[in-house]
Amino acid sequence: MVARIHYLLALLATLFCVTVSAQEVDISVDRNELARGETLTLTIRVYDQRQGVQLDLTPLRENFDVLDTRTSSQIRSINGAVESWTDYVVTLFPLSEGELQIPSLQINSVRTDPIDLLIVNEGPRSNQADNELFLEIEVNKESVYVQEQLLFTVRLFYTINGIRNPQFTELEMPETVTQLIGSPNQYEQLIDGVRYGVYEKRYVIFPQRSGPLEIPDILFRGEVTDGSSNFVFRNLNTRRVTAFIDGMTIDVKERPADARSVNWLPASSITIEEDWEGDLDNLQVGDSLVRRLTIRAQGLGGAVLPPVAQETINGMNVYPDPPEISQTFVEGSIVGTRIETTTLVPTTSGEITIPETRIPWWNVETDQLETSVVPATTLNINAVAGAVPSEQAVASTENLQRLLETAPVLDQSMIDAQAETDFIEVGAAWMNYLIAAALAIVALSIYKLTIAPRQSDMANAYKNWRQSVSDRYAPENNEAIAFKQLQQACRSGNAANVRNTLILWCSHFIKGREVRSMEDILQQQEAPELHVFARDIQSSLYNNSAAVNGETSPQQLLEAVTRLRSGKKAANKQQSKLDRYALPPLYKA
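Definitions and cut-offs
- Residues numbered from 1 in each chain as written.
- Predicted model: local features only at pLDDT ≥ 70, side-chain atom pairs only at ≥ 80, totals over all residues.
- Heavy atoms only, no water.
- Helix = DSSP H or I, 4+ residues; strand = E, 2+ residues; numbered from the N terminus.
- Buried < 20%, exposed > 50% of the residue type's maximum accessible area, 1.4 Å probe, protein only.
- Contact = heavy atoms within 4.5 Å.
- Patch = residues over 30% accessible without salt bridge, like charges linked within 9 Å, V, L, I, M, F, W, Y side chains within 5 Å.
- Areas by Shrake-Rupley, 256 points an atom, 1.4 Å probe, with all protein chains shown as cover.
- Salt bridge = Lys/Arg side-chain N within 4 Å of Asp/Glu carboxyl O.
- Phe/Tyr/Trp six-rings, centres within 6.5 Å; stacked < 30°, edge-to-face > 60°.
- Lys NZ or Arg CZ within 6 Å of the ring centre and 35° of its normal.
- Pairing = 2+ DSSP bridges.
- Axes fitted to C-alpha atoms, helices over the stretch in contact; angles between N-to-C directions.

Participant: Looking at this model, I keep getting lost on the environment of Thr69. Mind explaining?
Facilitator: Following the sequence through the fold, Thr69 ends up in strand S4 (residues 64-78). Thr69 sits in the partly exposed class, given a relative accessible area of 48%. In this structure, the C-alpha to C-alpha distance between Thr69 and Val89, residues 20 residues apart in sequence, is 5.6 Å. Setting aside chain neighbours within four positions, we find Thr69 in contact with Leu57, Val89 and Val90.

Okay, here's the thing in structure tokens:
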């Protein structure tokens, strides 16, 4: 009987421990059903937290984008019973629609239960109240040929001011070449009597294979501030705004059979122009003239246009220059240009014909093969008057080499006359002494006139400079130096040194209040994770212990401070990006 009672007591104790353990962690979401493009708030509450919690959010990243994490701690006393907890608040962005699940998370020794969610698609204006924010996408064609340009436009319509850090889905599609056209356009548009601000981004897409081209769903995320701030931390109150619109499928047609025997150039138009520099009517052997061919293609970049200039022409030496390749955007369409410049030198007299230049291309407007042509040009080359054939321009490098190998004729009388020329020798030793004396006089004059009268001022300036450098790198004025001193104190483990260096570093890091003692660290809420370390340090000092004793160690303190510094640097960097890329206000002040 006694053994059975002991067994029942042990069973009840086990159940009680499991119940307490289950109550140590509570997980909840702000809602279980949301529109596609909205964000979700996940709250993980840990009761009676005695040490730091390492949250592993990796399981969430399979179906969600983790946008933000923050913590808050609270203590409540009711009828003498004290209850404390820490909330870990995670902002999630669902990556797809339909039924999703927040998976089970391991938090300390507790594993949470999964949470089911339903993500519904109610259209591009479903995820904001009163149509304050929505997206629109547009393409110039529903089907294109392979390597033909597709113009894609995404527009954000908004009626709210102060949108910061605008982020759109990047257009990353396999086997495509995608380019943003210029900078985003910003203007206003009146829709059903409501004035909207419009933020427009335009792209040109070149599909590199035939078949369906899947343009992904477009998601927009940003932040809006209401202009108010938190009294304690003086941070602007912000809320996240999102917008979503379904992608689309474009049919990419393969190369037509009529164009498989020529270079594939799908474009709206391709023109080729010929310009000459030089007198074409009075050309002689050895004269040079410049021929310039300019190719312009609407709907193709200049880099894909083929070379067209002739490399060899009978009766002429050809010297081509490197081509000039460029591209611009005209009315949202890409226009590519290729300019080929060639210098031509006739080597024989008579008629010389420059062959015609042909560029076959596929007209995507008329859906047929066309050819741009520069007709052949015939030039009449005159012989040089009074010149024998050997004096004409050299037609080949072989003849030129033979001429260069001819031995030169020397005039011995000129050599003898040059040898008999008198040379005047000038002794320059006294000139060196004179230059050295002049330099010494100049240096002495500069010292007497400029340096000597201001010697005391220069000494004071040097002293002030050394003092400013010393102040700059003093731990009281430099957070990095204070952090290094804290590192050294944590490695030594001396409680007094750790306390002093921690107070000094917190005076730089914590901006919400002035930090001069450990009590100030315990009362601040900007870095609540330091509370447990501060209590252990205080306890060690009160117990007259030279080393830090307690639930934490100096190494853990150093790791926590390092995380805080990294987090603040990332937050400052993000804030600078927010300030730099914030959308302008719709309504001017």
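Participant: I would appreciate a short explanation of a nonpolar patch on the surface in the present structure.
Facilitator: A cluster of nonpolar side chains, namely Val442, Leu444, Ile446, Tyr447, Ile451 and Met458, defines an oily patch on the protein surface of about 540 Å² accessible area. Element by element, the count of residues in the nonpolar patch is highest for helix H4 (residues 429-451), at five residues. Within the secondary structure, Ile451 sits in helix H4. Overall, the relative accessible area of 33% leaves Ile451 in the partly exposed class.

Participant: Honestly, the packing of aromatic side chains in this entry has me stumped. Any pointers?
Facilitator: The relation between two aromatic rings is expressed through the spacing of the ring centres and the mutual angle of the planes. Applying the stated criterion across every chain yields a total of eleven aromatic pairs. For the ring pair Tyr145 and Trp362, a centre distance of 6.1 Å and an interplane angle of 75° mean the geometry is edge-to-face. Taken together, the residues span a long stretch of sequence, with Tyr145 in strand S11 (residues 143-145) and Trp362 in strand S29 (residues 357-363) at a distance of 217 residues. With respect to burial, Tyr145 and Trp362 carry one shared label: buried. A centroid spacing of 6.3 Å and a plane angle of 45° characterise the contact between Phe152 and Tyr203, whose relative ring orientation is tilted. One end of the pair, Phe152, is in strand S12 (residues 150-158); the other, Tyr203, is in strand S16 (residues 194-207), and 51 residues separate them in sequence. Summarising the burial analysis for this pair, Phe152 and Tyr203 share the class buried. Aromatic rings pair up to connect Phe134, Phe157 and Tyr196 into one cluster. Sitting over the face of the ring of Tyr145, Lys253 holds its NZ or CZ atom 4.2 Å from the ring centroid. The side chain of Arg565 reaches across the aromatic face of Phe483, ending 4.1 Å from its centre.

Participant: Sorry, what's going on with the sheet that holds strand S20 (residues 248-253) here?
Facilitator: Two modes of strand pairing occur in sheets, parallel and antiparallel, and in both the strands are linked by backbone hydrogen bonds. Strands sit in the order S11-S20-S17 across an open sheet of three strands; the sheet is mixed. With partners counted over all chains shown, the strands left at the sheet margins are S11 and strand S17 (211-215), one partner each. Recorded for the sheet is a direction-independent mean angle of 35° between the axes of neighbouring strands. Judged from the three bridges that link them, S11 and S20 form a sheet pairing that is parallel.

Participant: Help me understand the sheet that holds strand S2 (residues 33-35), please; the structure alone is not making it clear to me.
Facilitator: Overall, mixed pairing links the three strands, which are arranged S2-S9-S6 in an open sheet. Whereas interior strands pair on both sides, the edge strands pair on one side only; in this sheet they are S2 and strand S6 (98-102). Looking at each pair of strands side by side, their axes are set apart by 30° on average, direction ignored. Bridge count for S2 against strand S9 (residues 115-120) is three bridges, and the pairing is parallel. Directly across from Leu34, in S9, lies its bridge partner Ile119.

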